[in-house]
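Chain residues, written in single-letter form:
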Amino acid sequence: MARDNDAPIGVFDSGVGGLSVLSEINQLLPRESLLYVADCGHIPYGEKSPEFIRERCVIVAEFFRAQGAKALVLACNTATVAAAADLRERYPDWPIVCMEPAVKPAAAATRSGVVGVLATTGTLQSAKFAALLDRFAADVQVVTQPCPGLVELIETGDLASPALRQLLKGYVDPLLEAGCDTIVLGCTHYPFLKPLLREMIPASISLIDTGAAVARQLQRLLSQQDLLASGHPLTAQFWTSGDLENFRNILPVLWKYSDSVRSFGL
């Protein structure tokens, strides 16, 4: 599949969470043109089967390839767990960057020796996550906290609602009680909760996510293949499989205004 330097990069998530990764990419690589698909019509992925998630990932990947995308960023931890290996095997010619919870930097950063992980049920139950713990967290205690319902509330765009605050507090309190001094945000939706989290936790506790690391890995891969953009980027384009008006309303809150939002009917 021939690609040129100024071809766009496709970024995909089950919903709006991947906009946190999109922001990091845009900040590090401002010359790149960006395409974003939010599969909001099938959220949350954390409660779907791996087979279903793999199927959705292939549908979106094929769409991006039809758009001429030079690279794919799978900006979803749950989709990475279910589909990363399949996508890399299916598209060996394509730079593909995926997510994984920041267990390694958290294990290196902790002073108390106790690390908390907020993530979806699907991520925490995966063999990939267990392997990360075995590899990087052998010398620290990792307290995992599944967060059902959190993604759906973030998808509404109201990041300060009493319902969200109450749910988040119920997930964070056990981590604080366990003595965690470092908390991993193990879902791309969760960085949008940093202001709220900062109200709930002591300033000494570190919050770690992987958006910036993903952007750096994308930069490395594009550089290796001489695919970094050199021209002027096109305006970012967005598609959603969910409610179009809802996505248009939430976009200025989590990204910035865009008049290029279309329905993803696949």
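Only a predicted model underlies this, so the values are computations on that prediction, with no experimental measurement involved. (Residues numbered from 1 in each chain as written. Predicted model: local features only at pLDDT ≥ 70, side-chain atom pairs only at ≥ 80, totals over all residues. Heavy atoms only, no water.)

**Q** Honestly, unusual backbone geometry in this entry has me stumped. Any pointers?
**A** A negative phi angle is the norm for most residues apart from glycine, just as the trans form is the norm for most peptide bonds. Residue proline 44 follows isoleucine 43 across a cis peptide bond; omega there is 5°. Along the polypeptide, proline 44 turns up in the loop between β2 (34–38) and α2 (50–66). (Helix = DSSP H or I, 4+ residues; strand = E, 2+ residues; numbered from the N terminus.)

**Q** Mind showing me how you'd approach the sheet that holds strand β10 (residues 261–263) here?
**A** Paired through their backbone hydrogen bonds, the strands of a sheet run either parallel or antiparallel. What the 6 strands build is an open sheet, ordered β4-β3-β1-β2-β9-β10; its pairing is parallel. Single-partner strands in this sheet number two, and they are β4 (96–98) and β10. Averaged over all pairs of adjacent strands, the angle between their axes in this sheet comes to 20°, without regard to strand direction. Where strand β3 (residues 71–74) and β4 come together, 3 bridges link them in parallel fashion. Following the sheet pairing, leucine 74 is matched in β4 by cysteine 98. The strands touched by helix α1 (residues 19–28) are β1 (9–13), β2, β3 and β9 (237–240); relative to β2, the strand with the most contacts, the crossing angle is about 175°. Its contacts with the sheet place α2 against β1, β2, β3 and β9, and it is angled at close to 160° to β1. (Pairing = 2+ DSSP bridges. Axes fitted to C-alpha atoms, helices over the stretch in contact; angles between N-to-C directions. Contact = heavy atoms within 4.5 Å.)

**Q** When you look at the sheet that holds strand β5 (residues 114–119) in this model, what are you seeing that I'm missing?
**A** Spatial ordering of the open sheet is given by β6-β5-β7-β8, a layout of 4 strands whose pairing is parallel. The two strands at the open ends of the sheet, each matched to only one other strand, are β6 (141–146) and β8 (206–208). On average, each strand axis in the sheet is inclined to that of its neighbour by 20°, with strand direction left out of account. Of the pairings in the sheet, the one linking strand β7 (residues 182–185) to β8 comprises 3 bridges and is parallel in character. Bridge assignment links threonine 182 to a residue of β8, and that residue is serine 206.

**Q** In this structure, what is going on with the packing of aromatic side chains? I would like to understand it.
**A** Two aromatic rings, taken as a pair, are described by how far apart their centres are and by the angle between their planes. If you walk through the whole model with that rule in mind, you get 8 aromatic pairs. Between the aromatic rings of tyrosine 36 and phenylalanine 238, the centroid separation amounts to 6.0 Å while the plane-to-plane angle is 50°, which identifies the pairing as tilted. Taken together, the positions of tyrosine 36 in strand β2 and phenylalanine 238 in strand β9 put the pair 202 residues apart, joining distant regions of the chain. The buried category is assigned to tyrosine 36, whose relative accessible area is 0%. Ring geometry for tyrosine 91 and tryptophan 94: centres 5.4 Å apart, planes at 75°, overall edge-to-face. Tryptophan 94 shares its class with tyrosine 91; the two are buried. Through pairs of rings, three or more aromatic residues link up here, namely Tyr36, Phe238, Phe247 and Trp255. (Phe/Tyr/Trp six-rings, centres within 6.5 Å; stacked < 30°, edge-to-face > 60°. Buried < 20%, exposed > 50% of the residue type's maximum accessible area, 1.4 Å probe, protein only.)

**Q** Is there a simple way to think about helix α11 (residues 244–254) in this case?
**A** Think of an α-helix as turning once every 3.6 residues; residues three or four places apart then point the same way. Within α11, the full set of buried residues consists of Phe247, Ile250, Leu251 and Leu254. What you see down the axis of α11 is that its buried residues fit within an arc of 120°, all on one side. Set apart from the buried face of α11 by more than 90 degrees, the exposed residues are Asn249 and Val253. Check the buried side of α11 and you find it contacts α1, β2, α7 (150–154), β9 and β10. (Arc of directions from axis to C-beta.)

**Q** I keep staring at the pairing of β9 and nothing clicks. Help me out?
**A** For a regular strand, side-chain orientation follows a simple rule: the groups alternate between the two sheet faces. In terms of strand pairing, β2 meets β9 through 4 bridges, oriented parallel. Along β9, the bridge assignment pairs tyrosine 36 with phenylalanine 238. Judged from the 3 bridges that link them, β9 and β10 form a sheet pairing that is parallel. In the strand pairing of β10, tryptophan 239 is matched with arginine 262. Taking the sense of rotation as the criterion, the β-α-β connection linking β9, α11 and β10 turns out right-handed. (Right-handed = clockwise from strand over helix to strand, strands pointing away.)

Structural measurements only, silent on function.
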